[in-house]
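# Fold and contact review
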Amino acid sequence: MTSESILRLGTLKEVSQFQEHLNLLTLKIPCDEEVLHGTASPLRTPIECGSIRIGNRIAVQPMEGWDGTTDGNPTELTLRRWRNFGRNGGKLVWGGEAVAVTEEARANPHQLMMAPHTERGLADLRDALIQEHRRTTGSDDDMQIGLQLTHSGRFCRPHRQDRAEPRIACHHPILDARVGLSSDAPVLSDSEIDDIIDKFCVAAAAVQRLGFDFVDLKHCHGYLGHELLGAQTRAGRYGGSFENRTRFLRNLVAGIRASAPGLGIGVRISAFDMVPFRHDPARSHDGKLGPGIPEQFESLLPYKYGFGINSSNPVEIDLSETVHFLSLLENLGIRLVNVTGGSPYYSPHIQRPALYPPSDGYAPPEDPLIGVARQMEVTRCLKQKFPNMIFVGSAYSYLQDFLPNVAQAAVRLGWVDSVGMGRMVLSYPELLWDATEGRPIDRKRICRTFSDCTTAPRKGLPSGCYPLDKFYKHSSVGVQLKELKKR
Ligand SMILES: Cc1cc2nc3c(=O)[nH]c(=O)nc-3n(C[C@H](O)[C@H](O)[C@H](O)COP(=O)(O)O)c2cc1C
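Notes on the structure follow. (Residues numbered from 1 in each chain as written. Predicted model: local features only at pLDDT ≥ 70, side-chain atom pairs only at ≥ 80, totals over all residues. Heavy atoms only, no water.)

### Brief notes about the site of the ligand
Quick reminder of the rule: Near, as used in this document, describes a residue that has one of its heavy atoms within 4 Å of the molecule or strand being considered. Between N or O atoms, a polar contact is any pair within 3.5 Å; within protein, one atom must be a potential hydrogen donor and the other a potential acceptor, and residues adjacent in sequence are included only when both atoms are from side chains. The Shrake-Rupley method, run with a 1.4 Å probe sphere, supplies the accessible areas, and residue values consider only the shown protein chains as cover. Note on residue classes: Ala, Val, Leu, Ile, Met, Phe, Trp, Tyr, Cys and Pro are nonpolar, Asp, Glu, Lys and Arg are charged, and everything else, Gly too, is polar.
In the neighbourhood of the ligand, 22 residues make up the surrounding shell, with Gln148, Arg268, Ser397, Gly422 and Arg423 lying closest. Note that an oxygen atom of the ligand is positioned 2.8 Å from one of the backbone N or O atoms of glycine 422. The fraction of the free accessible surface of the ligand (610 Å²) that becomes covered by protein chains is 97%. Grouping the amino acids of the shell around the ligand by side-chain chemistry returns eight nonpolar, eight polar and six charged.

Rendered as structure tokens:
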């Protein structure tokens, strides 16, 4: 598989051509011929689940911008992105973006942070979003707006973008080596994890004070909550057995119910994972990254370094613990679940299928549509097992022009309750709103997965859609990114 051999979806003009292409690839991705409008649209029907009512089936995924101030406050760029979240028209705003519970928990020195001095700024983001949502849709009724709280764990870089300061839950022979961690490097102690839980509870109380409807307890993408779920080799209260590995979540929920009674709770989960991938240097040429290949894992079997992975073949998914985890959430009375997979750091093709790799990635090892189908299928499977929970699906942006057709079909068939939009929100926030209003789609704004939204932050610049959003394209950071990419 080479990038050149992957059919560019932008070249397909008709839905029928796309459907044929899916058939050729033998992929199970439902796709409706026609996108319905207004009240006839499945995407415009409300979700009702217990006390939760959400006005439509469109969700904005958390999308951080690496554009906060070094003291964790939003900037004008952050505000602009949150206005775009509002313009998306989705009644479910899943978290806005990752907000660190303390300074040392940040994934980069420009990540937002919850603290007394940032509360006003975070409240302004929510206000700006609601205002813009009202302007787009005419009303802010039946919205659910959450804030995603995070501890970046292994991927902490709180002080300098170029200096990893990992706070690991357990050793991972492949990922440790990537940042030069020795096998005796300290792991977070149980009491340090207790302290982190306390920080989450304090932050959640602030989330409630600021008027958010729910808090997302991030358990995805390799960050601390997710790493703990897979901490099979960890000793002590937070590692080893499934019960111990989910203690972090259970203690968080109990603590937040005490510190912020009545605040909704959602969980974004990497429902499956994979052994880390890297680019194949033997197939890199002319400055182009080679395709992704899995790191050598044969000496690590049975593989005990992940969650939702087949331990005897860690390039395969095993959802049995994921199902246990969702049962646990349901028993705890948590209804809001956002399904994602993998990690942007070590399996980007799993987490956000793309045709063009970011600077720290690799060329696609598979047609990115396979990655979309994988996340859709996992979500379908989980939704089937837990019909009373609200499932948000991820990784739809690669569907490009056909995103509305697939989103409608997935909701209509009950594969998912709400369709989350990630990268597409950066280039064309109102795509699904336009489609379900019956307006023509602006094809020039469709995300083509160039990955500059990731390459820019990897090079120390804010995220954004540099190729398609004129604001970034013509800005001084746009010029800087071009220069940096040339090097
Ligand atoms: C620039 C960028 C920022 C992101 N920020 C976050 C984040 O703050 N929290 C999170 O859970 N996921 C984050 N994600 C992942 C997205 O929410 C989403 O899962 C992913 O992009 C796949 O969805 P898509 O195909 O619609 O883009 C980010 C992704 C990108 C590309």
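On we go.
### What to know about the packing of helix H5 (residues 190–209) against helix H8 (residues 247–259)
As a reminder of what qualifies: Each axis is a line fitted through C-alpha atoms, and for a helix only the stretch in contact is used; angles between axes span 0 to 180 degrees, taken between their N-to-C directions. Every helix listed is a DSSP run of H or I at least four residues long, and every strand listed is a run of E at least two residues long, numbered separately from the N terminus. Two helices that cross are described as forming a left-handed crossing if the nearer one is turned anticlockwise from the farther one by less than a right angle, and a right-handed crossing if clockwise. A contact between two residues is defined here by any heavy atoms of the two lying within 4.5 Å.
For the pair H5 and H8, the least separation of the axes is 9 Å and the interaxial angle reads 40°. For the element pair H5 and H8, the recorded crossing hand is right-handed. Along the contact surface, H5 presents Ile193, Ile196, Ile197, Phe200, Cys201, Ala204 and Ala205, while H8 presents Phe248, Asn251, Leu252, Gly255, Ile256 and Ser259. The class makeup of the residues in the contact of H5 with H8 is ten nonpolar, three polar and no charged.

### Concerning the environment of glycine 393
By secondary structure assignment, the location of glycine 393 is in strand E13 (residues 390–393). Separated by 79 residues in the primary sequence, glycine 393 and tyrosine 472 have C-alpha atoms spaced 28 Å apart. Sequence-distant contacts of glycine 393, defined by excluding residues within four places in its chain, comprise Gln61, Val339, Thr379, Val416, Ser418, Val419 and Gly420.

### Here we look at the pairing of strand E12 (residues 336–340)
Note the threshold: Residue exposure (1.4 Å probe, protein chains only): buried if accessible area is under 20% of the type maximum, exposed if over 50%, otherwise partly exposed. In short, DSSP must find at least two bridges between two strands for them to pair.
The element E12 is largely enclosed, with a buried count of five among its five residues. By the alternation rule, side chains of E12 split into Leu336, Asn338 and Thr340 and Val337 and Val339, which are all buried. For strand E9 (residues 264–270) and E12, the ladder comprises five bridges, and the chain directions are parallel. Looking at the pairing, serine 270 lines up with threonine 340 of E12. Examined bridge by bridge, E12 and E13 share three bridges and lie parallel to one another. Bridge pairing in E13 places leucine 336 opposite isoleucine 390.

### Side note on a positive patch on the surface
Heads up, the rule is: Two distance rules govern patches: like charges are joined within 9 Å, and nonpolar side chains (Val, Leu, Ile, Met, Phe, Trp, Tyr) within 5 Å, applied only to residues with over 30% relative accessible area and no salt bridge. Salt-bridge detection follows one rule: a side-chain nitrogen of Lys or Arg within 4 Å of a carboxyl oxygen of Asp or Glu. The charge count treats Lys and Arg as positive and Asp and Glu as negative. His and the chain ends do not count. For the purpose of locating charges, the reference atoms are NZ of Lys, CZ of Arg, CG of Asp and CD of Glu.
The grouping of Lys444, Lys470, Lys473 and Lys482 at the surface amounts to a positive patch. With respect to the helices and strands, lysine 470 occurs in helix H16 (residues 470–473).

### What about the side chain of asparagine 310?
Here asparagine 310 shows up in the loop between strand E11 (292–294) and helix H9 (320–331). A relative accessible area of 17% means that asparagine 310 is categorised as buried. A polar side-chain atom of asparagine 310 sits 2.9 Å from the main-chain amide nitrogen of serine 312. Apart from the residues within four sequence positions on either side, asparagine 310 is in contact with Glu316, Ile317 and Asp318.

### What about the nonpolar core?
Rules: The set of buried Ala, Val, Leu, Ile, Met, Phe, Trp, Tyr and Cys residues whose side-chain atoms join them within 4.5 Å is what this entry labels a nonpolar core.
Phe18, Ile29, Leu217 and Phe248 are the most contacted members of the largest nonpolar core, which has 118 residues in total. Apart from residues no more than four positions distant in its own chain, leucine 217 is found in contact with Leu149, Phe200, Leu249, Leu252, Val253, Ile256, Ile265, Gly266, Val267 and Arg268. Grouped together as the second largest cluster of nonpolar side chains are eleven residues, Cys49, Ile54, Leu336 and Val392 included.

### Observations regarding the pattern of salt bridges
Scanning the model with the defined rule gives 39 salt bridges in all. The salt bridge partner of aspartate 127 is arginine 120, with a shortest N-O separation of 3.8 Å. Looking at aspartate 127, the relative accessible area reads 36%, which means it is partly exposed. Accessibility expressed as a relative area gives 54% for arginine 120, which makes it exposed. With a shortest N-O distance of 3.9 Å, arginine 237 and aspartate 190 are connected by a salt bridge. A residue pair is termed long-range when its members are at least 10 positions apart, and arginine 237 in the loop between helix H6 (224–229) and helix H7 (242–245) and aspartate 190 in helix H5 qualify at 47 residues. You can call arginine 237 partly exposed: its relative accessible area is 36%. Overall, the relative accessible area of 18% leaves aspartate 190 in the buried class. A single network of salt bridges, built from pairs that share partners, joins Arg44, Asp434, Glu437 and Arg439.

### A few points about the environment of glycine 146
Position of glycine 146 among the secondary structure elements: in strand E7 (residues 144–150). A relative accessible area of 0% places glycine 146 in the buried class. Expressed as a C-alpha distance, the spacing of glycine 146 and asparagine 251, which sit 105 residues apart in the sequence, is 20 Å. In contact with glycine 146, not counting residues within four places along its chain, are Val93, Gly95, Gly96, Phe212 and Phe214.

### Examining unusual backbone geometry
Excluding glycine, residues mostly carry a negative phi; peptide bonds, for their part, are mostly trans. Residue proline 302 is reached from leucine 301 by a cis peptide bond, and omega for that bond is -10°. Relative to the elements of secondary structure, proline 302 occurs in the loop between E11 and H9. Despite not being glycine, serine 451 shows a phi value in the positive range, around 70°. Relative to the assigned elements, serine 451 resides in the loop between helix H14 (431–437) and helix H15 (452–458). Judged by its relative accessible area of 7%, serine 451 falls in the buried class.

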